Amino acid sequence: MNLSGLSLRDLEYVVAVAELRHFGRAAERCAVSQPSLSAQIRKLEEALGLSLFERTSRKVLLTPRGEAIVAQARVVLEEARRLLTLADGSDGALTGRLRLAAIHTLGPYLFPHILPALRTTWPDLTLILSEGRTDSLLEELRDGRLDAVLLALPVEGDGLAAEPLFFEPFLLAHPAGHRLCAIPGLSLNDLDPAELLLLEEGHCLRDQALAACGLSARGGGVHATGLETLRHMVAAGAGCTLMPVLAVKGAAKGEDGRAATVGGLVEYRAFDGPHPPGRVIGLVWRASDPRDRDLRQLADLLRRDLPAGTEPALSQRDD
């Protein structure tokens, strides 16, 4: 097989099937009929002299050699996208499509805040938003399936650029009437590890909460799949948890500075002291992206309008 027989469209088909593990859904994503997609992939497999997928009536699996082909196909497609971006004549200006994702514990609370400014500043920009866990988002970013991600810094690995945006403190969420209500100045030392509720493994917020409380990775006996479930568990009296300030909605502060009860079941309190527990939220993208300058401008825009309850990230980083 020579290069003239290799189609970028065929590579898109292969990558779609690999990601979705389903020929029908892959055809829908690629806006083509399933018979056409299947036929093109068969043709590519014959030309390459190998099988990319194991096909059964119940599932689709990549073969070992297929995994290597798909990994390289992603590289080829990303380089092709870079070629088109450079050809726009604007050195990667934020026009066209931007695939922006955020971690689960941030996206639902930050997206509504940043969207008005993004739509006003770049009216020709088509935003494709998504959410996920840190590891999967970074994998998709490196593979070229995402253009930028919003997550907690720092991130590990080469080939990535990052700009800190803001410091988001954690509040303590505890049941109304809990013993901690009587403590005038709250610190992490006041928490009972046995009462600490956590997200399930795989969420970076889980690790951040454990680190803030000085606990091992096995700390906390009760886990939740998401922040809203965690909030309901607190309301049910199951224990206490650390909640990012952006996830605390409608918690107006009283005269004593404490957050008012929400629904009469949950109270939120800030920790005393100059260095409260929290996380630095940043924007991360591939260092090789030709839109590097524009993505830094995006970070500057997000820093100029900080969400309520957050602080400039640089003040925390300088500490």
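Here, residues in each chain are numbered from 1, in the same order as that chain's written sequence. Only residues with pLDDT of 70 or above have their local features reported here, since the model is predicted, and side-chain atom pairs are shown and tallied only from 80 upward, although totals for entire chains, interfaces and linings are computed over all residues. Excluded from the side-chain calculation are hydrogens and water; included are all heavy atoms of the structure.

## Describing the pattern of salt bridges
Alright, step 1. Throughout this description, the term salt bridge denotes a Lys or Arg side-chain nitrogen within 4 Å of a carboxyl oxygen of Asp or Glu. Under the defined criterion, the tally for this structure stands at 21 salt bridges.
Alright, step 2. Across the pair Arg-29 and Glu-19 runs a salt bridge whose closest N-O atoms are separated by 2.6 Å. Linking Arg-29 in helix H2 (residues 23–30) with Glu-19 in helix H1 (residues 8–20), this pair joins segments that are ten residues apart in sequence.
Alright, step 3. Take Arg-29: its relative accessible area is 46%, and that puts it in the partly exposed class.
Alright, step 4. When a residue's accessible area, from a 1.4 Å probe over protein chains only, is under 20% of the maximum for its type it is buried; when over 50% it is exposed; and in between it is partly exposed. For Glu-19, a relative accessible area of 24% gives the class partly exposed.
Alright, step 5. A salt bridge links Arg-286 to Glu-78, with the nearest nitrogen and oxygen atoms 2.7 Å apart. Taken together, the residues Arg-286 in strand S11 (residues 278–286) and Glu-78 in helix H4 (residues 64–87) connect sequence positions 208 residues apart.
Alright, step 6. The exposure class assigned to Arg-286 is buried, which follows from its relative accessible area of 5%.
Alright, step 7. Where salt bridges share partners, they join Glu-19, Arg-29, Arg-74, Glu-139, Asp-143 and Arg-145 into one cluster. Where helices and strands are cited, they refer to DSSP runs of H or I of at least four residues and of E of at least two residues respectively, numbered from the N terminus.

## Focus: the nonpolar core
Alright, step 1. Core analysis: the biggest nonpolar cluster contains 67 residues, and Val-149, Leu-150, Leu-283 and Leu-298 have the highest contact counts within it.
Alright, step 2. Contacts: residue pairs with any heavy atoms within 4.5 Å of one another. Not counting chain neighbours up to four residues away, the residues in contact with Val-149 comprise Leu-100, Ala-101, Leu-137, Leu-138, Leu-141, Gly-282, Leu-283 and Val-284.
Alright, step 3. Grouped together as the second largest cluster of nonpolar side chains are 22 residues, Leu-11, Leu-50, Leu-62 and Val-70 included. To qualify as a nonpolar core, a set must consist of buried Ala, Val, Leu, Ile, Met, Phe, Trp, Tyr and Cys residues joined through side-chain atoms within 4.5 Å.

## Overview of the packing of aromatic side chains
Alright, step 1. Pairing of aromatic side chains here covers Phe, Tyr and the six-membered ring of Trp, requires ring centres within 6.5 Å, and sorts the geometry by plane angle: under 30 degrees stacked, over 60 edge-to-face, intermediate tilted. Counted according to the given criterion, the structure contains one aromatic pair.
Alright, step 2. Ring geometry for Phe-23 and Phe-53: centres 6.0 Å apart, planes at 75 degrees, overall edge-to-face. Here Phe-23, found in helix H2, pairs with Phe-53, found in strand S1 (residues 53–55); they are 30 residues apart in sequence, far enough to count as distant. Both residues of the pair, Phe-23 and Phe-53, belong to the buried class.

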